[in-house]
Every structure is written in C-alpha cells, then in structure tokens.
Amino acid sequence: MDKKDISFLEQLLYNTDKDLIISLLTNTDKPLLLHYFAANYNWNSRFDVPRVILENEACDLGTGLLMFHYADGYRMLENSVSSSSLEEWQDFLNKIYNKLINFEFKSQNISFDPELTKIQKYKLKMNNPNIPNILISKSPGEVVDIPKI
C-alpha cells in the first residue's frame with residue numbers, strides 16, 4: 001500500500017460516522033485495505049463493521065482467518081462459549097466459522113498465521129479431533145506486513 005492508501009485507512013479507522021465506514025468498506029474492491037482495516041479494528045466494538053468486511057466479495061481467506069482469531073475464535077474452538085455469551089459475538093463467529101470451513105472466499109492471496117503453539121493445537125485437537133486445520137494453521141497466500149495505525 002502506498003502513503004495515500006495508508007492515509008485513507010487512518011481516516012477510515014478514526015472516523016466516527018459508522019454509516020460512512022460501512023459504505024466505504026462495502027464498496028471497496030481492495031483486499032489489502034480490508035485486511036489492514038480488520039487488523040487495526042477495535043475488536044471491543046460491535047460487529048457491524050467486521051460483518052461488512054466478511055460479506056465483501058474482496059475479502060480474502062487470510063482476512064477471514066484474521067477476523068476469526070481477532071474476534072476470539074479460539075474460545076469458540078475450546079468450547080468455552082457459554083449460552084450467556086454475547087449473542088452478536090456468537091453469531092459473527094458462527095458466520096465466519098462456516099465461511100472458513102466451506103472455503104467461501106474467492107481469493108487466498110493474503111496469508112494469516114494465528115500463531116498457535118503446538119501445545120495449543122494439540123489441546124484443541126484432543127478436545128475436538130474434528131476441528132478443521134484451516135482454523136488453526138497458517139493460511140495460504142503472501143505474508144504481508146500489517147501497518148499499526
């Protein structure tokens with residue numbers, strides 16, 4: 001990304017007009033912009049914006065995996081999600097989980113590594129041997145340096 005794109009991303013991340021952010025993310029066809037935005041998003045906020053990224057056709061498999069882990073998908077894999085957990089959070093994780101395991105992403109050009117240790121992967125697989133490897137392994141594609149904004 002060039003300086004112009006980074007500047008645009010900064011403005012987008014710090015904009016308080018959620019409707020404008022949603023509109024711009026809905027209409028972008030730049031997978032890297034979506035990836036960088038998701039990586040810098042405040043994941044303590046609601047899931048409206050990440051849902052828009054997930055539904056954008058330009059969203060890459062690596063971005064989907066990034067969002068799954070940044071939204072604390074690891075807890076879902078551990079089966080430590082209770083029925084009292086946030087319904088919106090569970091809904092988002094279920095959508096992204098299904099999209100990932102069904103390979104519903106048009107591109108796999110951006111790599112993301114959840115950086116789970118061998119022990120973490122082993123424990124997850126011991127508790128649930130059916131966990132798809134796509135959720136706990138580095139995704140295919142090119143490794144990109146994510147700017148911290």
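Please read all numbers here as calculations on a predicted model, not as lab measurements.

S.K.: So what about the pattern of salt bridges? Which residues, and what values?
M.R.: In total, this model carries seven salt bridges according to the counting rule given. The residue R51 makes a salt bridge to D91 at a minimum N-O spacing of 3.6 Å. Separated by 40 residues along the polypeptide, R51 in helix α4 (residues 48–55) and D91 in helix α7 (residues 87–101) bring together distant segments of the chain. When its relative accessible area of 33% is taken as the criterion, D91 is described as partly exposed. Across the salt bridge formed by D91 and K95, the nearest N and O atoms sit 3.6 Å from each other. Taken as a pair, D91 and K95 lie in helix α7 at a separation of four residues, close to a single helical turn. For K95, a relative accessible area of 37% corresponds to the partly exposed category. Within this structure, R51, D91 and K95 form a network of salt bridges that share partners.

S.K.: Hey, could you go over the packing of aromatic side chains for me, with residue numbers and the actual values?
M.R.: For the structure on display, the rule yields seven aromatic pairs. Consider the rings of W43 and F47, whose centres lie 6.3 Å apart with planes at 55°: the pair is tilted. Exposure remark for W43: the relative accessible area of 15% places this residue in the buried category. These aromatic residues form a ring-pair network of at least three members: F37, Y41, W43, F47 and F92. Lying over the aromatic face of F105, K99 brings its terminal NZ or CZ to 4.8 Å of the ring centre.

What counts and how
Residues numbered from 1 in each chain as written. Predicted model: local features only at pLDDT ≥ 70, side-chain atom pairs only at ≥ 80, totals over all residues. Heavy atoms only, no water. Salt bridge = Lys/Arg side-chain N within 4 Å of Asp/Glu carboxyl O. Helix = DSSP H or I, 4+ residues; strand = E, 2+ residues; numbered from the N terminus. Buried < 20%, exposed > 50% of the residue type's maximum accessible area, 1.4 Å probe, protein only. Phe/Tyr/Trp six-rings, centres within 6.5 Å; stacked < 30°, edge-to-face > 60°. Lys NZ or Arg CZ within 6 Å of the ring centre and 35° of its normal.

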